[in-house]
Amino acid sequence: QVQLVESGGGLVQAGGSLGLSCAASRSIFGFVMGWYRQTPGKQREYVARIFSDGRSDFVDSVKGRFTISRDNTKNTLYLQMNSLKPEDTGVYYCAAGVYTNPTYWGQGTQVTVSS
């Protein structure tokens, strides 16, 4: 069992930056860690993931603007979001799993980008 707690959400103007963190209750070594987001009336969508070897991938809409990283010594996942757009608004969830499909989810943190 892994508990995940996100932090760092908030309100930012379009074009601004925000950094999210996700603290895990145990070692994340070997887990695929990811970020997802959800807006009202829409399904939760994939944003980015990072594998245990450091490889990462992103949904096309955030490529070049978002960076994902992990610190296994701190059991923490990060998401740096730059050049934010109003369409990036949503509740951002941290996720962890042995494979690409997450098994564990955080409670989410709200990100609001104003135009």
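Residues numbered from 1 in each chain as written. Predicted model: local features only at pLDDT ≥ 70, side-chain atom pairs only at ≥ 80, totals over all residues. Heavy atoms only, no water.

Draft legend 1. Geometry of the sheet that holds strand β8 (residues 76-81). An order of β1-β3-β8-β7 is seen for the four strands of this open sheet, with the pairing classed as antiparallel. Every other strand in the sheet has two partners, leaving β1 (4-7) and β7 (66-71) as the edge strands with one partner each. In this sheet, adjacent strand axes meet at a mean angle of 15 degrees when their direction is disregarded. Both β7 and β8 contribute to a ladder of six bridges, which runs antiparallel. Residue pairing in the sheet places Ser69 in a bridge with Tyr78 of β8. (Pairing = 2+ DSSP bridges. Helix = DSSP H or I, 4+ residues; strand = E, 2+ residues; numbered from the N terminus. Axes fitted to C-alpha atoms, helices over the stretch in contact; angles between N-to-C directions.)

Draft legend 2. Main features of the packing of aromatic side chains. Following the criterion strictly, the structure yields three aromatic pairs and no others. Pairing Tyr36 with Tyr46 gives two aromatic rings, centres 5.7 Å apart and planes at 70 degrees, and the pair type is edge-to-face. Separated by 10 residues along the polypeptide, Tyr36 in strand β4 (residues 32-38) and Tyr46 in strand β5 (residues 45-50) bring together distant segments of the chain. Overall, the relative accessible area of 10% leaves Tyr36 in the buried class. Judged by centre distance (4.9 Å) and plane angle (65 degrees), the ring pair of Tyr36 and Trp105 falls under edge-to-face. Here Tyr36, found in strand β4, pairs with Trp105, found in strand β10 (residues 104-105); they are 69 residues apart in sequence, far enough to count as distant. (Phe/Tyr/Trp six-rings, centres within 6.5 Å; stacked < 30°, edge-to-face > 60°. Buried < 20%, exposed > 50% of the residue type's maximum accessible area, 1.4 Å probe, protein only.)

Draft legend 3. Representation of the side chain of Arg37. Following the sequence through the fold, Arg37 ends up in strand β4. At 2.6 Å, the side chain of Arg37 and the side chain of Glu45 are in polar contact. With sequence-adjacent residues up to four places away left out, Arg37 is seen in contact with Gln43, Arg44, Glu45, Val47, Ser61, Val62, Phe66, Glu87, Asp88, Val91 and Tyr92. (Polar contact = N/O pair within 3.5 Å; in protein donor to acceptor, adjacent residues only side chain to side chain. Contact = heavy atoms within 4.5 Å.)

Draft legend 4. Seen up close, the state of the cysteines. With the rule as written, the count across this model stands at one disulfide. Covalently, Cys22 is tied to Cys94 through a disulfide, its sulfur atoms 2.0 Å apart. Sign of the S-S torsion, about -75 degrees for the bond between Cys22 and Cys94, identifies this disulfide as left-handed. Taken together, the residues Cys22 in strand β3 (residues 18-24) and Cys94 in strand β9 (residues 90-97) connect sequence positions 72 residues apart. As far as burial versus exposure is concerned, Cys22 and Cys94 are alike and both buried. (Disulfide = S-S within 2.5 Å.)

Draft legend 5. Seen up close, the environment of Tyr36. Note: C-alpha distance between Tyr36 and Tyr93 (57 residues apart in sequence) is 5.1 Å. What Tyr36 contacts, discounting residues up to four positions off in sequence, is Arg44, Glu45, Tyr46, Val47, Arg49, Val91, Tyr92, Tyr93, Ala95, Thr100, Pro102 and Trp105.

Draft legend 6. Looking closely at the pairing of β7. Residues Phe66, Ile68 and Arg70 of β7 are buried on one face, while the alternating residues Thr67, Ser69 and Asp71, pointing to the opposite face, are not. Following β7, the chain reverses through four residues before pairing antiparallel with β8; Asn75 in that reversal takes a positive phi of roughly 55 degrees.

Draft legend 7. Structural view of the pairing of β9. Across the eight residues of β9, seven count as buried, placing the element largely inside the fold. Pairing analysis gives three bridges linking β9 to strand β11 (residues 109-114), with the strands arranged antiparallel. Paired with Gly90 across the two strands is Val111, which belongs to β11. Here two bridges tie β9 to β10, and the two strands are oriented antiparallel to one another. For Ala96, the partnering residue across the bridge sits in β10 and is Tyr104. Connecting the antiparallel pair β9 and β10 is a turn made up of six residues.

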